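Tertiary structure, described
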Amino acid sequence: MNSSPMEALRSVALYTPDLAKATRFYTDVWHLNVVETRDDAVYLRATGDAHHVLSLHRGAQAGLRDVTFRARSEDALRHIAQATVDAGGMVLRALAPVDEPGGGVGLTVRDPDGRILRVVHGDVRHADAHEARDRPIRLAHVVLNSRDVPASQTFFERALGCCLADRTKIMAFMNINRDHHSIALGDADNNALNHVAFLMPDIDSVMRGGGRMRDAGHAIEWGPGRHGPGNNAFNYFIGPDGVVIEYTAEVEQIDETYPVGSPSDWVWPPNRIDRWGISAPPSADLKQAQRSIFFIQETNT
């Protein structure tokens, strides 16, 4: 599972029409910390070593600017650039020093469906990485909707070196390191952002986060529960601008011996939608939010 030129999922960049409001939510309620601000953008870190796991950018409408990965080497970036073109994508920004907080070198690519992906290497890492109760450590995964999951899966495999870990009736789970999945592709009639998951230290923190979010007026839209593929505990919410966010913990760690699952391996008994069998189905509001946030390409790209 370690053959990918990518090391990890690092961060997500979102556009928001109300930067101050979104920043207050992600610091006061979601429990990230501002690590740097620049012009019309705010960069927020978790407790892990990534310089930032989320950046908020002022924009006319809510949207997804990019998803950023960390490459294993600068040579890996060169490989990804060529592989992207070979897989039918486009290099939007060639390999060069990164001109925003976090630094390093990187490139920006676009897949055939318009998803904007950045890959960096040599970015800043915090020396004080730690775990703290009720605070996110890092990103766990990003799930992207797809009108054509087989085609999207092929691009992620050929361009970025992702490997299929599991395929269910509704989702392809893609692996790049020991985490069961860092990217998943959901069968849909759109190419929107499905959700962003933040890794918590333990199940207790996932549950405490659920109570804290409810206190702040954000209902648990799905959960608590435990997924099949990945075996991770979850609570889902709708954050600012309609972005679906998840607190998760205990993501399954796998290696090359992990058997790739098929839809027949992930069938629940009637009226059950997770391992525990206690969660109600996702809310109608959640399902709508999971189809409302799209990639927006910068006009100067």
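In what follows, the structure referred to is the one given above.
What you are looking at is a predicted structure, and each value in this text was computed from that prediction instead of being measured.

**Quick look at the pairing of strand β5 (residues 63-71)**
With 9 of 9 residues buried, β5 lies mostly within the body of the structure. In this sheet, β5 lies alongside strand β1 (residues 6-16) in antiparallel orientation, the contact comprising 8 bridges. Across the sheet, residue A8 finds its bridge partner in β5, namely R70. Alignment of β5 against strand β8 (residues 116-121), held across 4 bridges, turns out to be parallel. When the bridges of β8 are listed, V67 appears paired with L117.

**Describing the sheet that holds strand β2 (residues 33-38)**
Here 8 strands make up an open sheet; going across it, the order is β2-β3-β4-β1-β5-β8-β7-β6 and the pairing mixed. Both edges of this open sheet fall to β2 and β6 (90-97), since each of them pairs with a single strand only. When strand polarity is set aside, the average angle formed by the axes of neighbouring strands in this sheet is 20 degrees. Across 5 bridges, β1 lies against strand β4 (residues 54-58) in parallel orientation. Looking at β4, one finds that Y15 is bridged to H57.

**As for helix α1 (residues 19-29)**
For α1, the full list of buried residues reads L19, A22, T23, F25, Y26, T27 and V29. Looking at the buried positions of α1, the neighbouring elements they touch are β1, β2, β3 (41-45), β4, α4 (203-215) and β16 (244-249). In the segment just after α1, H31 is the residue with positive phi, at about 75 degrees.

**Overview of helix α3 (residues 149-160)**
Spanning 12 residues, α3 covers 16 Å between terminal C-alpha atoms, matching the ideal 16 Å at 1.5 Å per step. Burial in α3 covers these residues: V149, S152, Q153, F155, F156, A159 and L160. The buried residues of α3 occupy an angular sector of 160 degrees when projected down its axis, which confines them to one face. If you check the start of α3, you find a side-chain oxygen 3.2 Å away from the backbone N of A151, and it comes from D148. At the exit of α3 stands G161, carrying a positive phi of roughly 75 degrees.

**Points about the pattern of salt bridges**
Applying the stated rule across the entire model yields 22 salt bridges. Ionic pairing is found between D187 and R167, a salt bridge with its closest N-O pair at 2.9 Å. Of the two residues, D187 sits in strand β12 (residues 183-187) while R167 sits in strand β10 (residues 163-167), which places them 20 residues apart along the sequence. Taking relative accessible area as the criterion, R167 reaches 18% and is therefore assigned buried. Within this structure, R65, D66, E100 and R118 form a network of salt bridges that share partners.

**Describing the sheet that holds strand β15 (residues 233-238)**
In spatial order, the strands read β10-β11-β12-β9-β13-β16-β15-β14; together these 8 strands make up an open sheet with mixed pairing. Edge positions in the sheet fall to β10 and β14 (222-226), since each of these pairs with one other strand and no more. Neighbour-to-neighbour, the strand axes of this sheet turn through a mean angle of 20 degrees, independent of strand direction. As paired strands, β10 and strand β11 (residues 171-175) are joined by 4 bridges and run antiparallel to one another. Bridge pairing links R167 to A172 in β11. Each of β9 (138-146), β10, β11 and β12 is contacted by α3, which is oriented at about 165 degrees to β12, the strand it contacts most.

Reading guide: rules and limits
- Residues numbered from 1 in each chain as written.
- Predicted model: local features only at pLDDT ≥ 70, side-chain atom pairs only at ≥ 80, totals over all residues.
- Heavy atoms only, no water.
- Buried < 20%, exposed > 50% of the residue type's maximum accessible area, 1.4 Å probe, protein only.
- Helix = DSSP H or I, 4+ residues; strand = E, 2+ residues; numbered from the N terminus.
- Pairing = 2+ DSSP bridges.
- Axes fitted to C-alpha atoms, helices over the stretch in contact; angles between N-to-C directions.
- Contact = heavy atoms within 4.5 Å.
- Expected span 1.5 Å × (residues − 1).
- Arc of directions from axis to C-beta.
- Polar contact = N/O pair within 3.5 Å; in protein donor to acceptor, adjacent residues only side chain to side chain.
- Salt bridge = Lys/Arg side-chain N within 4 Å of Asp/Glu carboxyl O.

In short, geometric facts, not functional conclusions.
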